[in-house]
Structures are given as structure tokens and as C-alpha cells.
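The primary structure of each chain is shown beneath.
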Amino acid sequence: EQVRVYAPATVANVACGFDIFGFAVDRPGDEVVLTKKDTPGIIISEITGDEGRLPLEVHKNTAGIAIQKYLEHIGRTDQGFTMALHKDMPLGSGLGSSAASAVAGVFAANELMGKPLSQKELLPFAMEGERVACGSAHADNVGPSLLGGFVIIRSYNPLDIIEIKVPEDLFATIVHPQVEVNTKDARSILEREIPLSKTIEQMGNVAGLTAGLLLSDYELISRSLEDVIIEPIRSILIPQFKEVKSAAMAAGALGCSISGSGPSLFALSRGLETAEKVAVAMTGAFKDAEIESEAYVSGI
Ligand code: HSE
């Protein structure tokens, strides 16, 4: 018995919503091919698309860990699997690469076990994969990769995930420059204490973005796509950040910020045509500094 599962890349944080906002895109993504075997234990038979960089040991692999934790939870560690993982997105890119693998893995296992858990109930196991990948079990990549669309993590303890509808005409542009940022490092440089004044500004934007999405108010979405806490610190890790962001805004984007922990940038636009123009402008701005980049345009 075998299943093939695809899980998409995601944009976490969405400017103002550090660790609480995320959305899924159509592509790129990861694919897991999971096969039941007669003996217990998980074997990772092959990983492609990672240039040999990801561990084949189950307890170090985000998908392997997620499946292992899932089997323990449902009390079925007697069931073994062979897994092949096909990565179709860059590692360390800020596109939720580790999350997509974990989601594809745990979703595949649940299918083969006859779906004892609902899709939402799979989230904690995929989050364990994130813990292995970057030291924190954040859900703003695994949440949207698992559920699709735009999600809000209202609370981590207890886990409270809200899926919200976004305007149909909202498109995302993601540009991935050929530089790598490690999520663990990008988290460790953040300030632990935030002044009240900045917190108020950020909360205003979080509320504004949520309302803007639900009301299809593009002006409000645009005004709210600001991050006064994380972006000023992390953008230092991304060469050409200011120039690329300015190019996106000049090309008509509603807003532009760091995708997850970077180095990818994302922009939101009204309409596919604008989102494509924004992609050209952003890759062009990277090119001005001789940095190659790849762009993806997608609905949300
Ligand atoms: N919210 C996480 C962070 C996402 O910004 O560190 C990492 O992809």
C-alpha cells in the first residue's frame, strides 16, 4: 500500500504576524511517497532535490520525526513505513521547506492508517518536525501547508488555529535570492523585550490585516502590511532588502516584507498581472546587485 502526497510552500509571519500568520502558495512544494512495510520502523529510502544535505536518520528528518510522533500518539509503532522525499524547493529559503516535508509525511501516514485523525489534528506532529529543524515548534508554516489558504495561530497553548478567507483577487509574489539564512540564527538575533509603543503599532497592523482580508479592503491590507518589530532586525541578513522592497512597491504591490525568516521576500498584490510585474521588478532589483533570484507567483 502506497500514497503520494504533495505539501505546498508557505509564507510565514506575513509582515506583522510573527509566528501567528501564514499562508500557502500553489507551488513550489515537497512530495512524500510513503509505503507500508511489514516490519516496524521508518526507513527513509531516498531524498531528492536536497543536494545530499538532509539527514536520512529518522529522528533528524522533519518528515521522519513527524511520522514517528504520529505513530506513537495513535499507539501504532508496530506499523513501519518506507519513505521517499522529493524536495522541490530550496532549503533555508524562508518558504517553509522543513514544514512542507513534515506535513506531507504525517498526512501520508494518516492516509495509510485509515485516517484515524482529522487534518487539523495532525498539526502537533508536523510541529514536532519544525522543532527538530529549527529548535522551535512554530506553526505558521505547518498550519497553512497542512490546511491551505491563510491561517491565524490565535494561541499555541492550547493550539487554536483559525482559517480565514482572503479576497479572490489577492496574489502573492515570492522571490528567493541565492543566499541562505538559517531559521535558528534568524530567531536568535531577535530582541526578547519589545517596547509597549512598538507592540501597540504591531497589534494595530495585525488587527488591520485580519480585518482587511475579511472585508476585502485592499487599502487596509496595504496599510497593515508593516512589521515594526522583526523586519528591521532580520532585513540586515538580506542583501538588497531595501532596494527590492522599494521595487516591489513601485511596481504596485500592496506590501512587501520577509517571507518567514528569509532570505526570500514576499509581496501581496491585487490581481495576477500586478503580481507578475512585481516579480519582474523584485528579481530585477536583486540582479542590479548581481544576485540571482527565482520568483514564484501564486494565488492564496
Ligand atoms: N515564524 C517563523 C520565524 C517562521 O519567523 O522564525 C520561520 O519560517
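What counts, and where the lines are drawn
- Residues numbered from 1 in each chain as written.
- Predicted model: local features only at pLDDT ≥ 70, side-chain atom pairs only at ≥ 80, totals over all residues.
- Helix = DSSP H or I, 4+ residues; strand = E, 2+ residues; numbered from the N terminus.
- Rg over C-alpha atoms; globule rule 2.2 N^0.38 Å.
- Buried ≥ 20, exposed ≤ 12 C-beta atoms within 10 Å, placed from the backbone.
- Contact = placed C-beta atoms within 7 Å.
- UniProt positions renumbered as here; feature names shortened; annotations may be inferred.
- pLDDT = per-residue confidence, 0-100.
- Near = placed C-beta within 6 Å.
- Nonpolar A, V, L, I, M, F, W, Y, C, P; charged D, E, K, R; others polar.

## Some details on the overall build of the protein chain
Then step 1. For the protein chain, the helix and strand inventory stands at 10 helices and 10 strands.
Then step 2. Against the 2.2 N^0.38 benchmark of 19 Å for 300 residues, the protein chain shows a C-alpha radius of gyration of 19 Å, consistent with a compact globule.
Then step 3. Principal axes of the C-alpha set define a box for the protein chain whose edges measure 60 × 40 × 35 Å.
Then step 4. Expressed as a percentage of the 300 residues in the protein chain, the buried residues total 50%.
Then step 5. Here the contacts in the protein chain between residues at least 6 apart in sequence split such that 73% fall between residues at least 24 apart.

## Brief notes about the UniProt feature "domain: GHMP kinase N-terminal" (unreviewed entry) in the protein chain
Then step 1. UniProt's entry tags residues 65–149 with the feature "domain: GHMP kinase N-terminal" (unreviewed entry), counted in the numbering of this structure.
Then step 2. Measuring from the first to the last C-alpha atom of residues 65–149 gives 25 Å, for a span that is 51% helix and 9% strand.

## Quick notes on the confidence of the model for the protein chain
Then step 1. Confidence along the protein chain averages 96 in pLDDT terms, with 100% of residues attaining 70 or more.
Then step 2. Across the interfaces of the predicted complex, the ipTM metric reaches 0.98, alongside a pTM of 0.96.

## Overview of the site of the ligand
Then step 1. Taken together, 14 residues lie around the ligand, and Ala12, Asp19, Asp140, Gly260 and Ser261 are the ones closest in.
Then step 2. The residue makeup of the shell around the ligand, split by class, is three nonpolar, eight polar and three charged.

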